[in-house]
Amino acid sequence: VTQSAAAPPPATQPAPAQAAPPAKARRGFWPAPTGKPVGAGVENTPALLNRLQIIGVTTVLLFGLASALVQFLSYQSDGRAADDTEQLVRVQEIQSTLLRADAIATNLALLGGSGDPQQIADRDADYDTAIADVFTLIAQAAEAQPADEEALSALNVAVSEYATAIAEARSNLRQNFPVGKEYLSGGSSALRSDALPILENLVTANSERAEDSMNGQHPFWLLLLGALAFGVLIWVSLVLARRFRRYVNTGVAVAAVLVLVTTLVAAIAAWRGDSQNDGLLDNELRSAVDQAEARTAGNDAKAYESLRLVKRGSGTTYEPLWQESADVVVDNADPSILREWEAYVAKHKQIVRNDDQDFRQPALRVATADDGTGSNKPFSDFDTAAQDLVDENARTTTDQLRAGRAVALVGSILTLLIGLLAAVAVVRGIGARRREYS
Amino acid sequence: MSVAMRLAAVALAAAFLAGCGYEDTPLPEEPEASAATSAPDCETPDESGTDPVASYDPGDGVPTGPKLDEIRSRGRLIVGVSADTYLMASENPELGNRIEGFDIEFAREIGSAIFGAGFNAGRNLELRVITASQRIPLLSAGELDLVIRNFTINSQRWGCIAFSAEYYHSGQKVLVGSSLADGDEENGEYRDPSDLAGLRVCAPTGSTSLVNIRDAEQDAKIEPAANHTGCLVKFQRGEVDAITGDDTVLAGLAAQDPYAVVPEQEPLSDEPYGIGVNQEDIDLVRFVNYVLEEMRDEKWEAAYERWLRPVLDPEGDDNVSQPTPTYGR
């Protein structure tokens, strides 16, 4: 701006109306590289130079700003994707831990008040830990994503009611009162009708957020911006070349090269980032989500297994529900943890065989034994293996998203600086012509 | 440059907006409450006009006949029972989850009579836990020999199955909190259904108990639950003030809660309990009636004394006894 204002007006500036006819007469004429402006003294060359400088500088600054912005948005987007992925994994962990708590509580009910005190104490501690984990995760999730706050508040209420029902169930079952079973089955049922739909909404919302955020790389826009800026600079060069009989204006050419190289580097980086995100979405994140779903469904099935024994004679009610959840496990579980699941299923079938014939004690023994003869150990192995896979894949996803986003931030800052550098180059290039003219 | 600065400002604002602005996670919609209705469990009622409590003559008690022979050759008597009706039939975790209660005493007596001195409950008596809605279908399908599970005899059911003679005369009563049965008039006392005006009363969804109490006191606020134990949960949480149902069921509920009582009252309905048998197995019905006659006085009294009297008649002044049988089918 200062340059255009400071440029001295030519002594004999012709009226624009007078400049038009000679320009028309030279249309299609390529001037010889004399270093002198063609038609000097006839056209308003300083004004033209001012205009070209404004156009050139604005173009490269806008390019720098817009391209940096696109890369900054990608940086932000990858950061959000990492946060959204963590939140998705967190709400899925709430879901599976809550059902883990239910699987433990229903299994604990089978021990009644007269089981092995050490076994009861251990299972009590497992249940308490699971419920405490759920409340901790809810608090962390509410802090991490304000958009989830309302849903998490409702979930908090539902989990509190569930925990109260289980406490009432445990107290009554210790006295061998059948009402304890009603508290237990009522609590389990309310958990599925009140808390799980909220969690399903949370999982859906956070899956969509994570996927949207992972699609935040825009190589096409970077290319388009670069192409536009490059095109404008070429046009400026052509106009200058026509006027000053020089093929190349060094400053504008440097700016054009800077724009071209920056665009190519940024677009390639964005394309690689985009591919990496697609890969994470299709592999690690997909796996984390699927294994969490398998773990949730597995615990759901384990709770149904216990409930069929808690409510004696209810096999026809609970077995179809067990099967439904087991199908979800088989559909989602990684082959590496299916072996643990199948070991559990073998024990479950043993329970069903006994229970269907009303062999109560053998069925209860298999359902409650914590050693290899019961269903608890293989199930616990499956649960741990599934959670390990979730943790591993979720960590890889967030680590890679966070590592990749640094490239976008550095690119964004560099692009901004290169935009400024290109603007300086344009000013210097056009300044050279202005000096030649004066 | 000013244009560039404006554009930059817009771009920065866009960048800021892009960093926030997630839509709130929606809450699930409240599911609409479905009004459960109870369908009759037998669609071909007995319209012969025979007194519903009338059963088949017990005969001489010789355990012979096609069904009895089948049971003996099988080596097991299969009886459909409840496992969660406290005092009538429920699991006792302290005894290896054995099912015990008033109803189970009859199952054991009948099994013992069929198999004689060698009767072993673990080997010769299979107690199959069923729901109330499974009683008639499983009997009709021949999967059960008997059903002893709070089974009220009526003409409707006689159309699908057969019943033994009445073995217990139950009736619909009301359970309340102990404050409504402590003799303190200022606090309100329960004497009859009119005392339920303005109070919240629980009965299982779609049950005849629910209809009866609504007819008896229209100002009572009806709060249905899935079953009677569900009503006790509501009662203990202070969501209802009273529960209505058969006195046997209420006895089981009161035994689980020191603040629940079934006060002295006239029953709202008569519920004659019988043992359900397949319509074809008349030899078995006769034999069951013979066993019931054999239980009269001593064994019946002992069962009542052990399971129901402590809650239903703690003062022992009701003179409850085994109902007098009616035969004539």
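Residues numbered from 1 in each chain as written. Chains lettered and ligands numbered in written order. Predicted model: local features only at pLDDT ≥ 70, side-chain atom pairs only at ≥ 80, totals over all residues. Heavy atoms only, no water.

Novice: For this particular structure, what's the right way to read the overall build of chain A?
Specialist: Helices and strands together make up the secondary structure of chain A, namely 12 helices and zero strands. Helices and strands in chain A line up, N terminus first, as α-α-α-α-α-α-α-α-α-α-α-α. Counting over 438 residues, chain A shows a buried share of 54%. By sequence separation, contacts in chain A at least 24 residues apart represent 84% of the contacts at least 6 residues apart. Carbon together with sulfur atoms contributes 59% to the accessible area of chain A, which is approximately 18900 Å² in total. (Helix = DSSP H or I, 4+ residues; strand = E, 2+ residues; numbered from the N terminus. Buried < 20%, exposed > 50% of the residue type's maximum accessible area, 1.4 Å probe, protein only. Contact = heavy atoms within 4.5 Å. Areas by Shrake-Rupley, 256 points an atom, 1.4 Å probe, with all protein chains shown as cover.)

Novice: Is there a simple way to think about the confidence of the model for chain A in this case?
Specialist: Close reading of the predicted structure is inappropriate where its pLDDT is low. For chain A, per-residue confidence averages 87 on the pLDDT scale, and residues scoring 70 or more make up 90% of the total. Residue range residues 1-32 of chain A is modelled with pLDDT below 50. Its contacts to residues more than four positions away, or to other chains, number 31 contacts. (pLDDT = per-residue confidence, 0-100.)

Novice: Just checking my understanding: could you explain the side chain of Glu271 of chain B for this structure?
Specialist: Residue and element names in this part refer to chain B. Take Glu271: it is sitting in strand E14 (residues 270-273). A distance of 2.9 Å separates a polar atom in the side chain of Glu271 from a polar atom in the side chain of Ser269. Ignoring anything within four residues of it in the chain, the contact list for Glu271 reads Thr152, Tyr168, His169, Ser170, Gly171, Gln172 and Asp246. (Polar contact = N/O pair within 3.5 Å; in protein donor to acceptor, adjacent residues only side chain to side chain.)

Novice: Just checking my understanding: could you explain the nonpolar core for this structure?
Specialist: Generally speaking, a soluble globular protein has its nonpolar side chains buried in company with each other. Membership of the largest hydrophobic core comes to 88 residues, with the highest contact counts inside it found for Ile94, Tyr127, Leu155 and Trp341 of chain A together with Leu175 and Ile243 of chain B. Counting residues in each nonpolar core, the second largest holds 59 residues, with Val79, Leu127, Tyr168 and Trp307 of chain B among its members. (Core = buried A, V, L, I, M, F, W, Y, C linked by side-chain atoms within 4.5 Å.)

Novice: Teacher, can you tell me more about the interface of chain A and chain B here?
Specialist: A common measure of how large an interface is: the accessible area buried when the components associate. Contact with chain A, which involves 45 residues of that partner, is made by 38 residues of chain B. Each partner contributes to the roughly 3500 Å² buried at the junction of chain A and chain B, and carbon and sulfur atoms together form 57% of this total. The largest contributions to the chain A side of the interface with chain B come from Asn176, Pro178 and Arg312 of chain A, which together make up 16% of the buried area. Counting across the interface, chain A meets chain B through four salt bridges. Note that Glu168 of chain A and Arg237 of chain B form a salt bridge whose closest N and O atoms lie 3.0 Å from each other. (Buried area = accessible area lost by both parts, 1.4 Å probe. Salt bridge = Lys/Arg side-chain N within 4 Å of Asp/Glu carboxyl O.)

Novice: Help me out: how do you make sense of the sheet that holds strand E15 (residues 276-278) of chain B in this one?
Specialist: Two modes of strand pairing occur in sheets, parallel and antiparallel, and in both the strands are linked by backbone hydrogen bonds. Residue and element names in this part refer to chain B. If you walk across this open sheet you meet the five strands as E6-E2-E7-E15-E8, and the pairing is mixed. Strands at the two margins of the open sheet, each flanked by one partner only, are strand E6 (125-129) and strand E8 (161-163). When E8 meets E15, the two strands line up antiparallel, connected through three bridges. Across the sheet, the residue bridging to Phe163 is Gly276, located in E15. (Pairing = 2+ DSSP bridges.)

Novice: Explain the pattern of salt bridges to me, please; I cannot follow it from the model alone.
Specialist: Pairing is possible between side chains that carry opposite charge, provided their charged atoms lie close to one another. Under the definition given, this model contains 38 salt bridges over all chains. Linking Arg308 of chain A and Glu319 of chain A is a salt bridge whose minimum nitrogen-to-oxygen distance equals 2.9 Å. In this pair, Arg308 of chain A sits in helix H8 (residues 250-310) while Glu319 of chain A sits in helix H9 (residues 315-332), placing the two residues 11 residues apart along the sequence. For the pair Arg308 of chain A and Glu319 of chain A, a shared accessibility class is recorded, and that class is buried. Note that Glu109 of chain B is salt-bridged to Lys299 of chain B, the shortest N-O span being 3.2 Å. Residue Glu109 of chain B is located in helix H3 (residues 102-115), and its partner Lys299 of chain B is located in helix H11 (residues 298-307); the two are separated by 190 residues in the primary sequence. Each member of the salt-bridge network shares a partner with another, and the members are Lys67, Glu70, Arg74, Asp145 and Asp281 of chain B.

Novice: For this particular structure, what's the right way to read the state of the cysteines?
Specialist: Where two cysteines share a covalent bond between their sulfur atoms, that bond is called a disulfide. Residues and elements named next belong to chain B. Tallied over the entire structure, the rule returns two disulfides over all chains. The disulfide partner of Cys42 is Cys160, and the gap between their sulfur atoms is 1.9 Å. In this structure the cystine formed by Cys42 and Cys160 twists about its S-S bond by roughly 90°; its chirality is therefore right-handed. Residue Cys42 is located in the loop between helix H1 (2-18) and strand E1 (54-55), and its partner Cys160 is located in the loop between helix H6 (155-158) and E8; the two are separated by 118 residues in the primary sequence. (Disulfide = S-S within 2.5 Å.)

Novice: How should H3 of chain B be read in this particular structure?
Specialist: Helical periodicity: at 3.6 residues per turn, an α-helix aligns residues three or four positions apart in one direction. Residue and element names in this part refer to chain B. Taking 1.5 Å of rise per residue, the 14 residues of H3 would be expected to cover 20 Å, and the 21 Å separating its terminal C-alpha atoms lies within 8% of that figure. Along H3, the residues classified as buried are Phe102, Asp103, Ile104, Phe106, Ala107, Ile110, Gly111, Ile114 and Phe115. Immediately beyond the C-terminal end of H3, within one or two residues, lies Gly116, with a positive phi of roughly 70°. (Expected span 1.5 Å × (residues − 1).)

Novice: Could you clarify how one ought to interpret the confidence of the model for chain B in this entry?
Specialist: Looking at chain B as a whole, the pLDDT averages 87, with 91% of positions reaching at least 70. On the interface metric, ipTM, the complex scores 0.81, and its pTM is 0.79.

Novice: What's the story with the environment of Glu340 of chain A in this structure? I'm lost.
Specialist: Residues and elements named next belong to chain A. Take Glu340: it is sitting in helix H10 (residues 335-356). Taking the C-alpha atoms as reference, Glu340 lies 8.8 Å from Ser380; in sequence the two are 40 residues apart. Contact partners of Glu340, with chain neighbours within four places excluded, come to Pro378, Asp381, Phe382 and Ala385.

Novice: Help me understand unusual backbone geometry in this model?
Specialist: The phi angle of most residues is negative, glycine excepted, and most peptide bonds adopt the trans form. One non-glycine residue, Asn176 of chain A, lies in positive phi territory at about 60°. Turning to its location among the elements, Asn176 of chain A is positioned in the loop between helix H5 (149-174) and helix H6 (179-214). Judged by its relative accessible area of 14%, Asn176 of chain A falls in the buried class. One non-glycine residue with positive phi stands out, namely Asp297 of chain B, at about 70°. Here Asp297 of chain B shows up in the loop between helix H10 (282-295) and H11. Using a relative accessible area of 55% as the deciding quantity, one classes Asp297 of chain B as exposed.

Novice: I keep staring at helix H8 (residues 228-236) of chain B and nothing clicks. Help me out?
Specialist: All names here are of chain B. In terms of residue burial, H8 counts as a mostly covered element, since eight of its nine residues are buried. Turning to H8, its buried residues are His228, Thr229, Gly230, Cys231, Leu232, Val233, Lys234 and Phe235. Its side-chain oxygen placed 3.2 Å from the backbone nitrogen of Thr229, Asn227 serves as the N-cap of H8. Of the residues flanking the end of H8, it is Gly238, one or two places downstream, whose phi is positive at about 75°.

Novice: Even after reading the chapter, I still don't get the packing of aromatic side chains, so can you show me in this structure?
Specialist: Two aromatic rings are characterised by how far apart their centres lie and by the angle between their planes. Tallied over the entire structure, the rule returns 25 aromatic pairs over all chains. On the basis of an interplanar angle of 45° and a centroid distance of 6.4 Å, the ring pair of Trp322 of chain A and Tyr344 of chain A is categorised as tilted. In this pair, Trp322 of chain A is assigned in helix H9 and Tyr344 of chain A in helix H10, connecting sequence segments 22 residues apart. Each member of the pair, Trp322 of chain A together with Tyr344 of chain A, is buried. By the ring-pair criterion, three or more aromatic residues cluster together here, those being Phe102, Phe106, Tyr167, Tyr168, Tyr273, Trp300 and Tyr304 of chain B. Seen from the ring of Tyr304 of chain A, Arg192 of chain A lies directly overhead, with NZ or CZ sitting 4.8 Å from the centre. (Phe/Tyr/Trp six-rings, centres within 6.5 Å; stacked < 30°, edge-to-face > 60°. Lys NZ or Arg CZ within 6 Å of the ring centre and 35° of its normal.)

Novice: Would you take a moment to explain the side chain of Glu189 of chain B for this structure?
Specialist: With respect to the helices, strands and loops of the structure, Glu189 of chain B is situated in the loop between strand E9 (168-177) and strand E10 (200-204). Buried and unpaired, Glu189 of chain B has no salt bridge, with Arg191 of chain B as the nearest side chain of opposite charge at 5.4 Å. (Lys, Arg positive; Asp, Glu negative; His and termini not counted.)

Novice: In this structure, what is going on with the pairing of strand E11 (residues 221-225) of chain B? I would like to understand it.
Specialist: Regular strands have side chains that alternate between both faces of the sheet. Residue and element names in this part refer to chain B. In this sheet, E11 lies alongside E10 in parallel orientation, the contact comprising five bridges. Across the sheet, residue Pro204 finds its bridge partner in E11, namely Ala225. Since E10 and E11 lie parallel, the crossover through helix H7 (residues 208-216) that links them has a hand, and here it is right-handed. (Right-handed = clockwise from strand over helix to strand, strands pointing away.)

Novice: What exactly am I supposed to notice about the sheet that holds strand E4 (residues 89-92) of chain B here?
Specialist: All names here are of chain B. One open sheet holds the three strands; their spatial order is E3-E4-E5, and the pairing between them is antiparallel. Of all strands in the sheet, those bounded by a partner on one side alone are strand E3 (84-85) and strand E5 (98-100). Both E3 and E4 contribute to a ladder of two bridges, which runs antiparallel. Bridging from a neighbouring strand, Thr85 pairs with Ala89 of E4.

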